[in-house]
Amino acid sequence: MKRTSNLLFGLLSLLLTSLPLSLTAQEERYSSGLYNSPRGFGIVVQKNDFSDYSFNSFLLCADTYGVLTGRSRFPGVKFNFSRNFRMITFRGENCMFDLFAGTGVSGGFVRDFEKGSFIHKEALNMNFGAIAASSFTTGCHFRFSRRLDLELSWMLELGMHIRKDEYHNGTLLSLYSNGLIRTLYPQLIILYKW
């Protein structure tokens with residue numbers, strides 16, 4: 001638990017120190033908020049670039065696979081960076097609606113999918129490992145005239161999961177199955193523009 005909290009604190013510090021010191025308030029280029037999904041929960045920072053209709057998204061979250069079903073006590077930790085492009089924009093009186101898609105990278109220390117609904121708890125807890133994945137995100141972004149934005153998106157993660165094999169005293173490298181299986185889980189992000 002201490003190792004996980006130290007990792008979470010380190011990633012959060014890195015995320016916050018990577019932001020530029022001078023923020024331009026008139027264009028509201030930066031926004032931050034909360035990430036909510038059946039995949040997990042966390043914080044998001046976005047940087048908008050209005051010149052090429054894109055935005056960068058930085059996500060730090062607790063991956064709750066196995067926690068919500070009571071099969072595990074501790075969540076994993078995951079970071080994602082994605083570069084997203086607005087493909088279609090609809091303008092209304094008090095809001096704008098964007099359809100976007102983008103690519104990025106994910107990394108972290110999480111559990112992966114195990115076959116069977118009722119796996120022994122000890123087996124799931126030994127399933128912690130590191131992931132490295134490419135991510136593909138698509139969704140819709142509601143930008144309101146006030147400082148509140150909402151985003152609904154879906155993410156596919158294609159990558160590898162590496163973990164220690166307790167039984168054979170070795171290392172296992174496998175496809176990160178949860179990145180594929182949980183693609184259709186919606187992600188709701190509530191953002192505040194600064």
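Bear in mind the structure is a predicted one, so any value in this text is a computation, not a measurement. (Residues numbered from 1 in each chain as written. Predicted model: local features only at pLDDT ≥ 70, side-chain atom pairs only at ≥ 80, totals over all residues. Heavy atoms only, no water.)

Draft legend 1. Representation of a nonpolar patch on the surface in the model. A cluster of nonpolar side chains, Phe113, Phe136, Leu158, Met160, Ile162, Leu173, Leu175, Leu180 and Ile181, forms an exposed patch at the surface whose accessible area comes to about 790 Å². Counting residues per element, the nonpolar patch draws most heavily on strand 7 (residues 148-165), at 3 residues. With respect to the helices and strands, Phe136 occurs in strand 6 (residues 129-144). (Patch = residues over 30% accessible without salt bridge, like charges linked within 9 Å, V, L, I, M, F, W, Y side chains within 5 Å. Areas by Shrake-Rupley, 256 points an atom, 1.4 Å probe, with all protein chains shown as cover. Salt bridge = Lys/Arg side-chain N within 4 Å of Asp/Glu carboxyl O. Helix = DSSP H or I, 4+ residues; strand = E, 2+ residues; numbered from the N terminus.)

Draft legend 2. Geometry of the environment of Val44. Relative to the helices and strands, Val44 is located in strand 2 (residues 40-49). Along the sequence, Val44 and Leu191 sit 147 residues apart, while their C-alpha atoms lie 7.9 Å from each other. When sequence neighbours within four positions are dropped, the list of residues in contact with Val44 reads Ser31, Ser32, Gly33, Tyr35, Ser57, Phe58, Leu59, Ile189 and Leu191. (Contact = heavy atoms within 4.5 Å.)

Draft legend 3. Examining the side chain of Asn80 more closely. Following the sequence through the fold, Asn80 ends up in strand 4 (residues 76-91). For Asn80, the side chain forms a polar contact with the side chain of Ser106, separated by 2.6 Å. Those residues in contact with Asn80 that sit more than four places away from it in its chain are Ser57, Phe58, Leu59, Val105, Ser106, Ser135, Met155 and Glu157. (Polar contact = N/O pair within 3.5 Å; in protein donor to acceptor, adjacent residues only side chain to side chain.)

Draft legend 4. Structural detail: the confidence of the model for the protein. Averaged over all residues, the pLDDT of the protein is 83; the fraction at 70 or higher stands at 79%. Contacts from residues 16-26, a stretch scored under 50 in pLDDT, to residues over four places away or in other chains number 7 contacts. (pLDDT = per-residue confidence, 0-100.)

Draft legend 5. Main features of the environment of Leu59. If you trace the backbone, Leu59 turns up in strand 3 (residues 54-63). A residue is classified by how much of its surface remains accessible, and Leu59, at 8% relative accessible area, is buried. Each C-alpha atom of the pair Leu59 and Val45 lies 6.7 Å from the other, and the pair is 14 residues apart in sequence. (Buried < 20%, exposed > 50% of the residue type's maximum accessible area, 1.4 Å probe, protein only.)

Draft legend 6. Representation of the packing of aromatic side chains within the structure. The full count for this structure, using the stated rule, is 6 aromatic pairs. Their ring planes at 20° and their centres at 6.0 Å tell us that Tyr30 and Trp194 sit as a pair that is stacked. Note that Tyr30 is positioned in strand 1 (residues 30-37) and Trp194 in the segment after strand 9 (187-193), a separation of 164 residues in sequence. Here the aromatic residues Phe90, Phe97 and Phe142 are joined through ring pairs into a cluster of three or more. (Phe/Tyr/Trp six-rings, centres within 6.5 Å; stacked < 30°, edge-to-face > 60°.)

Draft legend 7. Quick peek at the side chain of Glu157. Relative to the elements of secondary structure, Glu157 occurs in strand 7. Classification of Glu157 as buried rests on a relative accessible area of 1%. Polar contacts involving the side chain of Glu157 include one to the side chain of Ser106, which spans 2.7 Å.

Draft legend 8. Expanded view of the pattern of salt bridges. Applying the stated criterion across every chain yields a total of 7 salt bridges. The partner of Arg39 in a salt bridge is Glu157, and the shortest N-O contact between them spans 3.2 Å. You can see Arg39 sitting in the loop between strand 1 and strand 2 and its partner Glu157 sitting in strand 7, a full 118 residues away along the chain. Taken as a pair, Arg39 and Glu157 share a single burial class, namely buried.

Draft legend 9. Region of interest: the nonpolar core. Among the nonpolar cores identified, the biggest contains 7 residues, and these are Tyr35, Val44, Leu59, Cys61, Met155, Ile189 and Leu191. Sorting the residues of this core by element identifies strand 3 and strand 9 as the ones contributing at least two each. The contact partners of Leu191, leaving out residues within four places of it in the chain, are Ser31, Ser32, Gly33, Val44, Gln46, His141, Arg147, Leu148, Asp149 and Glu151. (Core = buried A, V, L, I, M, F, W, Y, C linked by side-chain atoms within 4.5 Å.)

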